[in-house]
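Residue strings, one per chain:
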Amino acid sequence: MLQVYLVRHGETMWNAERRIQGQSDSPLTARGERQAAQVAQRVKQLNITHVIASDLGRTTRTAEIIANICGCGVTLDPRLRELDMGVLERRQLDSLTQEEESWRRRLVNGTPDGRIPGGESMQEVSVRMHGALNACCELPQGSRPLLVSHGMALGCLVSTILGLAPWAERRLRLRNCSLSRVDFQQSPWLAPGWVVEMAGDISHLDAPALDELQR
Ligand SMILES: O=C(O)[C@@H](CO)OP(=O)(O)O
């Protein structure tokens, strides 16, 4: 059985400001750095063999902190990036016009091929996230990888493993530096292939990100 751990990056400056990031980027806050150190201590004794991260700055920094504690390197995989939110990236969530908010709603309410102008659909994110996850099956026998990605991308992955639509991810709270685990297994009691063992655990954090408490 292959166990793959999933971590959302630490809190960033724009998370705290409720500013849309998508494939734009902002640095970890001091709280985000602390969260990354706390999740690193949590996974330290899990014999992680590979840390694979979205190539954006916030995930790369989180991955470096984890890899340093786990004693392994960091591999970057752009398939793990956050959903591309097109023309709304860098915008404050509270500043959107009604029309802009309708673009965001279409993205998350199941409109087929719903997307923000210039951005990705949830279906497209699902395809590339599964590609990155399935690549873990090609690692040497006995590997235990940890993927560092983003809120909507990871939510989309977990939702689709559960057989839900990609946009169901809006009903799964994945806080900054939460830890999830998915297993590739052949148990007679479960559906063959990927199953969700754990999702969104933050018991290792001393406080969830401030911005999460405001939502
Ligand atoms: O891009 C963003 O603004 C958020 C959305 O969930 O993603 P993350 O902070 O996880 O990169």
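Residues numbered from 1 in each chain as written. Predicted model: local features only at pLDDT ≥ 70, side-chain atom pairs only at ≥ 80, totals over all residues. Heavy atoms only, no water.

Okay, the pairing of strand β2 (residues 50-53) next. Pairing between β2 and strand β4 (residues 145-149): four bridges, direction parallel. In the strand pairing of β4, His 50 is matched with Pro 145. Inspection of the sheet shows β2 paired to strand β3 (residues 74-76) by three bridges, in the parallel sense. Bridge pairing links Ala 53 to Leu 76 in β3. Handedness of the β-α-β unit built from β2, helix α3 (residues 57-70) and β3 comes out right-handed. (Pairing = 2+ DSSP bridges. Helix = DSSP H or I, 4+ residues; strand = E, 2+ residues; numbered from the N terminus. Right-handed = clockwise from strand over helix to strand, strands pointing away.)

Under the present numbering, the feature "site: Transition state stabilizer" (unreviewed entry) in UniProt falls on His 150. Topologically, His 150 is positioned in the loop between β4 and α6 (151-161). Discounting chain neighbours no more than four positions away, the residues touching His 150 are Arg 8, His 9, Ser 54, Leu 56, Arg 58, Thr 59, Leu 80, Arg 81, Glu 82 and Gly 155. (UniProt positions renumbered as here; feature names shortened; annotations may be inferred. Contact = heavy atoms within 4.5 Å.)

What follows deals with α6. Most of α6 sits out of view: eleven of its eleven residues are buried. At its buried positions, α6 is contacted by β1 (2-8), α4 (98-108), α5 (122-135), β4, β5 (179-185) and β6 (193-201). Count one or two residues on from α6 and you reach Gly 163, which has phi positive near 85 degrees. (Buried < 20%, exposed > 50% of the residue type's maximum accessible area, 1.4 Å probe, protein only.)

Here a ring pair, both rings aromatic, is described through the centre-centre distance and the interplanar angle of the planes. Overall, the coordinates contain one aromatic pair when judged by the stated rule. Seen from their ring centres, Phe 184 and Trp 194 are 5.1 Å apart, and the 70 degrees between their planes marks the pair as edge-to-face. Pair noted here: Phe 184 is in strand β5 and Trp 194 is in strand β6, with a separation of ten residues, a long-range link. We classify Trp 194 as buried; its relative accessible area is 13%. (Phe/Tyr/Trp six-rings, centres within 6.5 Å; stacked < 30°, edge-to-face > 60°.)

Val 4, Leu 6, Leu 133 and Leu 147 are the most contacted members of the largest nonpolar core, which has 31 residues in total. Sorting the residues of this core by element identifies β1, α4, α5 and α6 as the ones contributing at least two each. Sort the elements by how many residues they give to this core and α6 lands first, with seven residues. The residues contacting Leu 6, other than those within four sequence positions of it, are Leu 147, Leu 154, Leu 157, Val 158, Ser 178, Leu 179, Ser 180 and Val 182. Residues Tyr 5, Ala 63, Leu 146 and Leu 179 belong to the second largest nonpolar core, which totals 21 residues. (Core = buried A, V, L, I, M, F, W, Y, C linked by side-chain atoms within 4.5 Å.)

This part is about the pairing of β1. With seven of seven residues buried, β1 is to be regarded as a mostly interior element. Covered by surrounding structure in β1 are Leu 2, Val 4, Leu 6 and Arg 8 together with Gln 3, Tyr 5 and Val 7, the residues of both alternating faces. Examined bridge by bridge, β1 and β5 share six bridges and lie antiparallel to one another. Bridging across to β5, Gln 3 finds its partner in Asp 183. Here β1 runs beside β4; their pairing, made up of four bridges, is parallel. Of the residues in β4, the one forming a bridge with Tyr 5 is Leu 146.

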